Each structure stands twice: as C-alpha cells, then as structure tokens.
Amino acid sequence: MASMRDIKRRKGSIQSTQQITKAMKLVSTVKLQKAKINAENSKSYFDYMYDTVTSILAKSGNINHPYLQAQEGKKKAVIVITSNRGLAGGYNSNICKLVAANFSDKDTQLYIIGRKGKEALSRKGFEVLEDYSEVMNQPLYSDAMKIGERVLQDFTEGKIGEIYIAYTAFKNTVSHIPTLMKLMPVEIEDKEDKDNSKSSEAPMNYEPEEEEVLEMIIPKYVTSIIYGALIAAEASENGARMQAMDSATSNAEEMIQDLSLKYNRARQGSITQELTEIIAGAQAIE
Amino acid sequence: MADEKMFKLRIIAPDRVFYEGDASFLELVTSEGEVGIYKNHIPMTMVLVPGIARITEADGVKVAALHSGFVEVLQDQITVLAEIAEWPDEIDVNRAKEAKIRAERRLEMQDPNVNTRRAEIALKKSLIRIEVGDI
C-alpha cells in the first residue's frame with residue numbers, strides 16, 4: 001500500500017486540478033450563454049436568406065450562372081472551423097475526422113479557421129491555403145465577409161471547383177453535430193416543397209433582373225452561411241468544453257473520494273501498527 | 001380603418017432583428033433608384049444599396065441607415081435583409097466623417113493599387129451615416 005504521504009500529495013494535486021477544471025467550466029458556461037444568444041439572434045437572418053435564395057433558384061431553374069455550376073475535375077476546398085484552444089473533449093478531433101473521412105489530401109485544399117484543426121490536418125498531409133485562426137477568438141460578420149470574398153474569388157478564377165464547409169452545428173447545450181455542407185456551387189434541395197408553399201401568391205418580380213439579383217445575393221448567401229457556421233461553432237466549442245470540464249470535475253471528485261478512503265485506511269493502519277509496536281515493546285520490558 | 005393600410009415590416013441584420021412592427025409606408029434606396037412601398041405592392045425582390053430607409057409608422061417616421069442587402073416585398077409583408085443596419089443614435093458621426101475623408105483621399109490618389117470600387121462604397125457609407133446621424 002502506498003504511503004500516507006504519497007496519497008496525500010496525490011490528493012492535493014487532484015484537488016488543484018479540479019479547481020482549474022471547475023473554473024474553466026464556469027468560464028465556458030458564461031461564454032456559452034453569450035454565444036447562444038448570438039446564435040439565436042442571427043438565426044432569423046440565415047433562415048430568411050436561405051429561404052429567399054431557395055425560392056429564387058427554384059423559380060429560375062435554368063439560369064446559367066458560374067456560381068451554380070460545378071467545375072469538373074478541379075480541386076476541392078474545405079473551410080474547416082475548429083477552435084484555437086484544446087480541452088474541449090472530442091470537439092476538434094470530430095471535425096478533423098469528418099474532413100479526413102470525406103476528402104483525400106491529394107485533391108483537397110483547406111481554408112482553416114482554428115489552430116487545432118490546422119495542426120491536426122496539416123499533419124495528415126492536407127494543404128492549407130489560408131489560415132484565419134484569429135477570427136475564432138471573436139467571430140464578426142466582417143470576418144465572414146472577408147473569408148467569403150476570398151473563397152468566391154478563388155472559385156470564379158477557377159482555382160477550385162467545389163467548396164465545402166465543415167463545422168460543428170449547435171443543436172442544444174449538450175448536443176453538437178459535426179456537419180459538412182456544400183457551399184459552392186449552390187445546390188438547393190427540396191425544390192418542390194418551396195414551390196407548393198408559395199404557389200398561391202402572385203409570381204415574384206425581380207428588380208434588377210433575376211440573374212443580377214442572384215449575382216448580388218449569392219455572395220451574401222455564402223457570407224451568411226460562413227458567419228452562421230462561425231457563430232454555431234463558437235457556441236458548440238464552449239458547450240463541448242463545458243461538458244468536458246464538467247465530467248473532468250466529477251471524475252476528480254470521484255478520485256478524491258477514493259483517495260480519501262485509501263488515506264484514512266492507511267492512517268488507521270499506521271495507528272494500529274504503532275499501537276501493536278508499543279504493546280509489544282511494553283511486553284518485552286516486563 | 002387605419003389598419004387596412006398597414007403592412008408587416010421586418011428588418012433583419014446578421015446579428016439581430018433590427019426592426020419588427022407595422023408600417024404604412026416604407027422608403028428605400030435600391031440599385032435601381034429610390035422606391036416607396038405601400039401595402040398591396042406586387043411581389044418583388046430588390047437589391048439595396050447604401051441609403052436611408054424611412055419607415056412610416058402609425059405614430060411617426062423612423063429613419064435608419066441600411067448598407068447593402070435585399071428586400072422582399074409581398075402583399076402585406078415586407079422583409080429587409082440588411083448586412084448593416086443602424087439607427088441614428090447608434091452612429092458615431094465623427095467616425096463617419098473621418099471615414100469620409102479617408103475614402104476621399106484614397107479616391108484622389110488614383111493609385112492603381114487602390115481598390116476604387118471599395119473606396120467608393122466606403123465613401124457612400126460614410127455619407128449616409130453622416131446624413132442619418134445628423135437627423
């Protein structure tokens with residue numbers, strides 16, 4: 001059995017670790033609240049943006065716009081959103097796994113947001129086109145605009161043929177889903193639903209022409225998706241960290257209990273031993 | 001009844017719902033020029049350029065600065081998606097004046113490295129902000 005001093009030292013170190021994880025949990029709880037409010041505030045914008053783009057595309061199916069056409073055989077690009085800091089459970093590794101499972105390092109280039117993802121994915125051999133990690137500290141709409149502009153420019157110049165975005169969707173505080181979404185060329189599913197819901201109204205008019213409207217709206221659409229993903233990722237990161245730190249704290253609690261038991265047992269053992277020694281000594285004198 | 005003239009108006013910015021309420025008349029600046037919209041307008045989607053929006057409510061007119069976005073008009077409902085939306089009291093006029101001078105300088109330089117379009121947009125935004133902020 002380990003000595004009393006060893007157990008005590010071990011207990012002390014676990015206690016201080018527990019204090020740190022507890023503090024981290026509190027911090028990420030507060031950050032999560034903020035990020036959650038952000039995510040809720042911005043949700044209506046993206047929902048509406050998505051609806052509008054969907055209905056424009058649904059009604060004008062045969063527009064030949066470069067934004068809507070896949071460029072065959074070209075490289076793929078993925079915008080990967082991870083965190084700058086670790087200690088968030090499986091948050092970062094889940095995203096990296098998702099990217100590695102769906103893309104090969106030969107024909108895929110990355111726009112990286114978040115240092116952790118950069119480290120993990122460049123180790124796997126992916127080529128990093130651009131690193132926007134500092135954005136993750138405080139995601140702003142203007143940051144999303146900057147990234148969106150760059151990505152669209154590379155797309156229209158033909159450097160990349162398809163753009164995906166990998167981020168962690170924030171469902172609720174305890175459930176975060178690593179998500180992969182196709183950003184460009186724009187593909188809209190469930191066209192029929194949209195047609196039915198709006199068919200009762202008079203047809204939509206566009207000013208200027210549909211194609212020009214599309215030309216202006218698509219960049220905003222891309223920006224809004226990137227921003228939405230950033231905001232969701234921020235909330236998920238803090239949620240994941242909160243969970244990880246919560247379980248770390250309760251694990252530490254368990255270990256401390258276990259160690260206290262061992263410590264008390266060792267203490268009792270040593271007292272018994274001392275007593276036996278004293279008695280044996282007294283008997284020897286008699 | 002006054003209610004018959006009212007339509008639902010929502011102005012949504014990326015970080016918040018900027019305005020939600022009933023209005024009887026809405027003035028906007030679109031890429032095709034200034035427009036005014038009453039209820040029962042034909043359904044239309046228009047693209048916004050930096051400009052001043054005037055919202056006529058039951059009890060007065062509200063003014064706001066909208067920079068780029070688009071607007072979807074339905075018969076009894078108008079939704080504006082604006083990338084940036086500001087009330088007059090949120091605008092820092094001094095900062096806007098500085099931005100205006102900066103943009104003007106950049107345009108005057110005629111440096112091929114300067115993105116003229118971007119500077120023009122910046123100039124327009126600052127002018128709008130100054131105008132709205134002074135109201």
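Residues numbered from 1 in each chain as written. Chains lettered and ligands numbered in written order. Predicted model: local features only at pLDDT ≥ 70, side-chain atom pairs only at ≥ 80, totals over all residues.

## Some thoughts on the overall build of chain A
- Per the secondary structure count, chain A includes six helices and six strands.
- Ordering the α and β elements of chain A from the N terminus gives α-β-α-β-α-β-α-β-β-α-β-α.
- In terms of overall dimensions, chain A is more spread out than a globule: its C-alpha atoms have a radius of gyration of 28 Å, far above the 19 Å expected for 286 residues.
- Relative to its full complement of 286 residues, chain A shows a buried share of 31%.
- Partitioning the contacts of chain A with sequence separation of at least 6, the portion at a separation of at least 24 is 77%. (Helix = DSSP H or I, 4+ residues; strand = E, 2+ residues; numbered from the N terminus. Rg over C-alpha atoms; globule rule 2.2 N^0.38 Å. Buried ≥ 20, exposed ≤ 12 C-beta atoms within 10 Å, placed from the backbone. Contact = placed C-beta atoms within 7 Å.)

## Topic: the interface of chain B and chain A
- Contacts between chain B and chain A engage 21 residues on the former and 22 residues on the latter.
- For the side of chain B that touches chain A, the elements supplying multiple residues, two or more each, are strand S1 (7-13), strand S2 (16-23), strand S5 (44-48), strand S7 (60-74) and strand S8 (77-86) of chain B.
- A total of four residues in the side of chain B that touches chain A trace back to one element, the largest contributor, which is S5(B).
- Looking at the side of chain B that touches chain A residue by residue, the class counts come to twelve nonpolar, four polar and five charged.
- Of the strand pairs in this sheet, strand S6 (residues 205-207) of chain A and S5(B) are connected by three bridges, and their pairing is parallel. By the bridge assignment, Tyr206(A) is partnered in S5(B) with Thr45(B). (Nonpolar A, V, L, I, M, F, W, Y, C, P; charged D, E, K, R; others polar. Pairing = 2+ DSSP bridges.)

## Remarks on the domain arrangement of chain B
All names here are of chain B.
- According to the domain assignment, chain B contains domain 1 (2-88) and domain 2 (92-134).
- In this structure, domain 1 and domain 2 have C-alpha centres spaced 25 Å apart.
- Secondary-structure elements contributing two or more residues to the side of domain 1 that touches domain 2 are strand S6 (51-57) and S7.
- Of all the elements, S7 adds the most residues to the side of domain 1 that touches domain 2, at three residues.
- Residues belonging to the side of domain 1 that touches domain 2 are distributed by class as follows: five nonpolar, two polar and no charged. (Domains from an automatic or database assignment.)

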